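The lines below spell out each chain.
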Amino acid sequence: MCRLALPLGNIGAAPGWRKGASGLSYNSTAGEVTQGIDGSGLTAIVTGASSGIGSETSRVLALRGVHVIMAVRNMAAGKDVKETIVKEIPAAKVDTMELDLSSLASVKKFASDFKSSGRPLNLLINNAGVMATPFMLSKDNIELQFATNHLGHFLLTNLLLDKMKETARKTKREGRIVNVASEAHRFAYREGVRFDKINDSKSYNSFGAYGQSKLANILHANELTRRLKEDGAEITANSLHPGMITTNLFRHMGVFDGLVSNLGKLVLKNVQQGASTTCYLALHPQVKGVSGEYFLDNNLATTTAKAKDMDLAKRLWDFSMELVK
């Protein structure tokens, strides 16, 4: 899946056709940014892996030798993607597991089943998401975009963190957590996160709520970085904006959905480009030891002041912990 991009002036140091400090750009594909990188021996979980940039991320990681666990809500779609990957890459190590991020019970079951499998965990790619939905509540009675995009990933990360720490210690290889956020964090509600109005249907704005959930993805990675550094864990946590890509994420946006479908091939990234920054953060040696940063087009990027607010990040962490209890 993808996250909405907006034509803002500060979304990168260089226009798409120019390479940034990393030597990569808007136009770089996931295959190009991981070219020559050996991911064998690594195990990754990719959420939302049955379509869009999640499926491309899974394909490219598998191409580089990573054992990929595709965490998917639709197991039939996940099976189809797995078969497509294995057909292209016969040596690929790919498994599918069921995960509905809008259900805390599903998240807990997934984490329990994964830990019971005895597999290591080097990479956690928090990719899945929904965008600009009408007001709905999750199975746990929490506004759907906040529940799916942030809270489900927050709980999943917490439940798998000890396994990642153990893997990093045993393998002497850095663990990496990657949160797929969005430039839409700039258009969150005025207060950033509406702690006292998460479920307020009367003041609900579908895009403001989406921005709120994407702001939460960035704040989560930042607060997680602080905690990991305190623990001395060799795990990094970063967030990113993948770009505007033509995927089914726009299905709730009416006329805009049609506009995206018709004009997308002319002005938007393709899926291979959309998955590039995720794969860059997952595998590239350039970002070894880099944590608590926000990336765009395979380069460091700036965020809003609210996204850098560590007090807000801690408040969100405490609030999220209460919700997942």
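Residues numbered from 1 in each chain as written. Predicted model: local features only at pLDDT ≥ 70, side-chain atom pairs only at ≥ 80, totals over all residues. Heavy atoms only, no water.

**Overview of the overall build of the protein**
Here is step 1: Counting its regular elements, the protein contains 10 helices and 8 strands.
Here is step 2: Looking at the protein as a whole, 59% of its 325 residues qualify as buried.
Here is step 3: Look at the contacts in the protein between residues 6 or more apart in sequence, and 78% of them connect residues 24 or more apart.
Here is step 4: Only carbon and sulfur atoms are counted for the fraction: they give 53% of the accessible area of the protein, which is about 13500 Å². (Helix = DSSP H or I, 4+ residues; strand = E, 2+ residues; numbered from the N terminus. Buried < 20%, exposed > 50% of the residue type's maximum accessible area, 1.4 Å probe, protein only. Contact = heavy atoms within 4.5 Å. Areas by Shrake-Rupley, 256 points an atom, 1.4 Å probe, with all protein chains shown as cover.)

**Comments concerning the nonpolar core**
Here is step 1: Judged by nonpolar contacts, the single largest core of 49 residues is most densely connected at Ile45, Phe146, Leu160 and Ile177.
Here is step 2: Of all the secondary-structure elements, those providing two or more residues to this core are strand 2 (67–72), helix 4 (104–116), helix 5 (144–171), helix 6 (206–231), strand 6 (235–241), strand 7 (294–296) and helix 10 (310–324).
Here is step 3: Of the residues forming this core, the biggest block, 9 residues, is contributed by helix 5.
Here is step 4: Look past the residues within four positions of isoleucine 177 in its chain and what remains in contact with it is Leu124, Asn126, Thr157, Leu161, Met164, Leu224, Ile235, Thr236, Ala237 and Asn238.
Here is step 5: Leu42, Val60, Val180 and Tyr280 belong to the second largest nonpolar core, which has 35 residues in total. (Core = buried A, V, L, I, M, F, W, Y, C linked by side-chain atoms within 4.5 Å.)

**Description of unusual backbone geometry**
Here is step 1: In this structure, lysine 172 is a non-glycine residue whose phi angle is positive, near 60°.
Here is step 2: Within the element layout of this structure, lysine 172 appears in the loop between helix 5 and strand 5 (175–180).
Here is step 3: Even without being a glycine, aspartate 297 presents a positive backbone phi close to 55°.
Here is step 4: Relative to the helices and strands, aspartate 297 resides in the loop between strand 7 and strand 8 (299–300).

**Examining helix 6**
Here is step 1: For helix 6, which comprises 26 residues, the first-to-last C-alpha distance of 37 Å matches the rise-based estimate of 38 Å (1.5 Å per residue) to within 8%.
Here is step 2: Where burial is concerned, most of helix 6 is hidden: 20 out of the 26 residues are buried.
Here is step 3: For helix 6, the side-chain oxygen to backbone nitrogen distance between the N-cap and phenylalanine 207 is 3.1 Å, and the N-cap itself is asparagine 205.
Here is step 4: Glycine 232 sits one or two positions beyond helix 6 and adopts a positive phi of about 75°. (Expected span 1.5 Å × (residues − 1). Polar contact = N/O pair within 3.5 Å; in protein donor to acceptor, adjacent residues only side chain to side chain.)

**Section: helix 3 (residues 75–88)**
Here is step 1: Spanning 14 residues, helix 3 covers 20 Å between terminal C-alpha atoms, matching the ideal 20 Å at 1.5 Å per step.
Here is step 2: Those residues of helix 3 that sit buried are Gly78, Val81 and Ile85. Each buried residue of helix 3 sits inside an arc of 65° when the element is viewed along its axis, so together they form one side. Projecting away from the buried face of helix 3 at angles above 90 degrees are the exposed residues Ala76, Thr84 and Lys87.
Here is step 3: A distance of 3.1 Å separates the backbone nitrogen of alanine 76 from a side-chain oxygen at the start of helix 3, and that oxygen is part of asparagine 74. (Arc of directions from axis to C-beta.)

**Thoughts on the sheet that holds strand 1 (residues 43–47)**
Here is step 1: Within the open sheet, the 8 strands sit side by side as 3-2-1-4-5-6-7-8. Their pairing is mixed. Strands at the two margins of the open sheet, each flanked by one partner only, are strand 3 (93–98) and strand 8.
Here is step 2: Bridging between strand 6 and strand 7 involves 3 bridges; their strand directions are parallel. When the sheet's bridge partners are listed, histidine 241 is paired in strand 7 with leucine 296.
Here is step 3: The sheet strands contacting helix 2 (residues 52–63) are strand 1, strand 2, strand 3, strand 4 (123–126) and strand 5, and the helix crosses strand 1 at an angle near 170°.
Here is step 4: The strands touched by helix 6 are strand 5, strand 6 and strand 7; relative to strand 6, the strand with the most contacts, the crossing angle is about 160°. (Pairing = 2+ DSSP bridges. Axes fitted to C-alpha atoms, helices over the stretch in contact; angles between N-to-C directions.)

**Thoughts on the packing of aromatic side chains**
Here is step 1: Tallying each qualifying case throughout the model produces 6 aromatic pairs.
Here is step 2: Aromatic ring contacts, followed pair by pair, group Phe146, Phe195 and Phe319 into a single cluster.
Here is step 3: Positioned above the aromatic ring of tyrosine 189, the side-chain terminus of arginine 194 is 3.8 Å from the ring centre. (Phe/Tyr/Trp six-rings, centres within 6.5 Å; stacked < 30°, edge-to-face > 60°. Lys NZ or Arg CZ within 6 Å of the ring centre and 35° of its normal.)

**Here's the deal with the side chain of arginine 176**
Here is step 1: Within the secondary structure layout, arginine 176 lies in strand 5.
Here is step 2: Residue arginine 176 is classed as buried on the basis of its relative accessible area of 7%.
Here is step 3: A distance of 3.1 Å separates a polar side-chain atom of arginine 176 from the backbone oxygen of leucine 281.

**A look at the packing of helix 2 against helix 9 (residues 276–283)**
Here is step 1: Interaxial distance between helix 2 and helix 9 falls to 9 Å at its minimum, and their mutual angle equals 40°. Considered as vectors, helix 2 and helix 9 are oriented oblique to each other. Once helix 2 is placed against helix 9, the crossing between them reads as right-handed. Where helix 2 approaches helix 9, its residues Thr57, Val60 and Leu61 are matched on the opposing element by Thr278, Cys279, Ala282 and Leu283.
Here is step 2: A breakdown of the residues in the contact of helix 2 with helix 9 according to their chemical character gives 5 nonpolar, 2 polar and no charged. (Parallel < 35°, antiparallel > 145°, perpendicular 65-115°, else oblique. Left-handed = near helix turned anticlockwise from the far one by under 90°. Nonpolar A, V, L, I, M, F, W, Y, C, P; charged D, E, K, R; others polar.)

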